[in-house]
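Descriptive analysis of the structure
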Amino acid sequence: MKIEIIKCLQDNYSYLIIDETNLNACVVDPSEAKPIINFVESNNINLKYILNTHHHFDHIGGNLELKKRYNSNVVGFKGDKDRIPGIDTLVDDLKIWKENNFEAKIYHIPGHTSGHIAFHFFKENKIFTGDTLFSLGCGRIFEGTYVQMFNSLKKIKALPKNTEIYCGHEYTLQNSHFCEAHDSNNLQLKNKIAKIKDKLGNGLPTVPTILEDEIQCNIFLKAIDLKTFSKLRDLKDNF
Ligand code: ZN
Ligand code: FE
C-alpha cells in the first residue's frame, strides 16, 4: 500500500491509500473533492472507498461529489450515520473493516467529537487519527469530555511504537511551540523541532510522524494523569 498525501483547504491533509497491484484506493477525510479528483484522474486510480474519521466539514466536504463521480462507498462510524454525508457502510469500535486488500481496525476515540474514529491499518503499521492526535498536539475537545479525550489518546499510545501516524492537519510547528514552553529540557523534542523546520522549509509535510517520537515529545501523550492532561488542554486553548 502506498500513501499519497493530498493538501486540502488551508492546512488539512487528505490521504489516498493506494493498492499498487490494481490501483484501487481509499481516501481518508476528503476535505474537498477537487485536489482528490486531480490526483485520481492523472494517476488512473479507482477511488473505491471514502473513509471518514469524523463529521466536521473539513473532513467530509468532498464526500458527495466524489461518491457521485466514482461510485465510491462511504465508510463512517455508526453513531454518526445521520451526519456523515453519503454514508454507506457503518463501522463500530474494535471491529475490522475489510474490503479488497484493505484491512483496518476501527477505534472509537471520542473527545474532539462524540463519534470520532481512527482507522488502524495494522498490517501496514499506519493509523489515521483525524483531529484526535496531531503531531505534537491533540484536538480541541468540542463534544466530548477531558476523560474521553485522555482515554482516546491512551488507546493510540498502546499501539506498536513504530506505528506511523497520519493526522488531519498540518499543525505541527504551532504545536511545537506549546510543547517547548512546557518541556524546555526535552532534547528529543529539540531534535524533532529541527527536523520539522527542515521539512517545512523544503515545502514537505511533517506527517507521518512515528508514535515513539510522539510519546517522547508530545506533551499531551506525556501527561501522566487526567488532571495534568486537562490542565494542559485548557492552557493550549488559550496559548
Ligand atoms: Zn474536526
Ligand atoms: Fe479538522
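For the structure, check the block above.
My aim in this report is to walk through the structure given alongside it, one point at a time. Please read these numbers as outputs of a predicted model, since none were measured by experiment.

Turning our attention to helix 1 (residues 34-42). If you check which residues of helix 1 are buried, you get Pro35, Ile36, Ile37, Phe39 and Val40. Along its buried surface, helix 1 packs onto strand 1 (2-8), strand 2 (12-19), strand 3 (24-28), strand 4 (46-51) and helix 3 (63-70).

This part covers the pattern of salt bridges. For the structure on display, the rule yields 14 salt bridges. Here glutamate 214 ties to lysine 192 by a salt bridge, and the two come within 3.8 Å at their closest N and O atoms. Of this pair, glutamate 214 sits in helix 7 (residues 211-217) while lysine 192 sits in helix 6 (residues 187-201), and the two are 22 residues apart along the sequence. For lysine 192, a relative accessible area of 11% translates into the label buried.

Right, let's talk about the layout of surface pockets for a bit. In this structure, the largest pocket occupies an estimated 370 Å³ of space. Considering the residues around the largest pocket, the lining is formed by 18 residues, among which Phe134, Arg140, Tyr171, Arg233 and Lys236 are closest to the centre. Secondary structure elements with two or more residues in the lining of the largest pocket: helix 5 (172-182) and helix 9 (226-237). Its residues assigned to classes, the lining of the largest pocket shows 5 nonpolar, 7 polar and 6 charged.

We now examine the side chain of aspartate 80. In this structure, aspartate 80 sits in the loop between strand 5 (73-77) and strand 6 (87-91). Taking relative accessible area as the criterion, aspartate 80 reaches 2% and is therefore assigned buried. Not counting residues up to four positions away in its chain, the partners in contact with aspartate 80 are His55 and Gly115.

Calculation criteria
- Residue positions within a chain follow its written sequence, with the count starting from 1.
- The lettering of chains begins at A and the numbering of ligands begins at 1, in the order of writing.
- Only residues with pLDDT of at least 70 get local features here, since the model is predicted, and only at 80 or more are side-chain atom pairs given and counted; chain-wide, interface and lining totals rely on the full set of residues.
- Side-chain descriptors were evaluated using all non-hydrogen atoms of the structure, hydrogens and water having been removed beforehand.
- Working definition: with a 1.4 Å probe on protein chains only, accessible area under 20% of the residue-type maximum means buried, over 50% means exposed, and in between means partly exposed.
- Secondary structure elements are defined from DSSP: runs of H or I of at least 4 residues count as helices, runs of E of at least 2 residues count as strands, and each element is numbered from the N terminus.
- Throughout, a residue-residue contact means that at least one pair of heavy atoms, one from each residue, lies within 4.5 Å.
- Here a salt bridge means any side-chain nitrogen of Lys or Arg lying within 4 Å of a carboxyl oxygen belonging to Asp or Glu.
- Cavities and pockets are found on a 1 Å grid laid over the protein atoms alone: a cavity is a set of points where a 1.4 Å probe fits but cannot escape, a pocket is an open set with protein on both sides within 12 Å along at least five of seven lines, and a lining residue has an atom within 4 Å of such a point.
- Grid points are joined across faces, edges and corners, and a volume is the space filled by probe spheres set on the points.
- Each residue is assigned to one of three groups, with Ala, Val, Leu, Ile, Met, Phe, Trp, Tyr, Cys and Pro labelled nonpolar, Asp, Glu, Lys and Arg labelled charged, and all others, Gly among them, labelled polar.

Shape is all these values report; function is a separate question.
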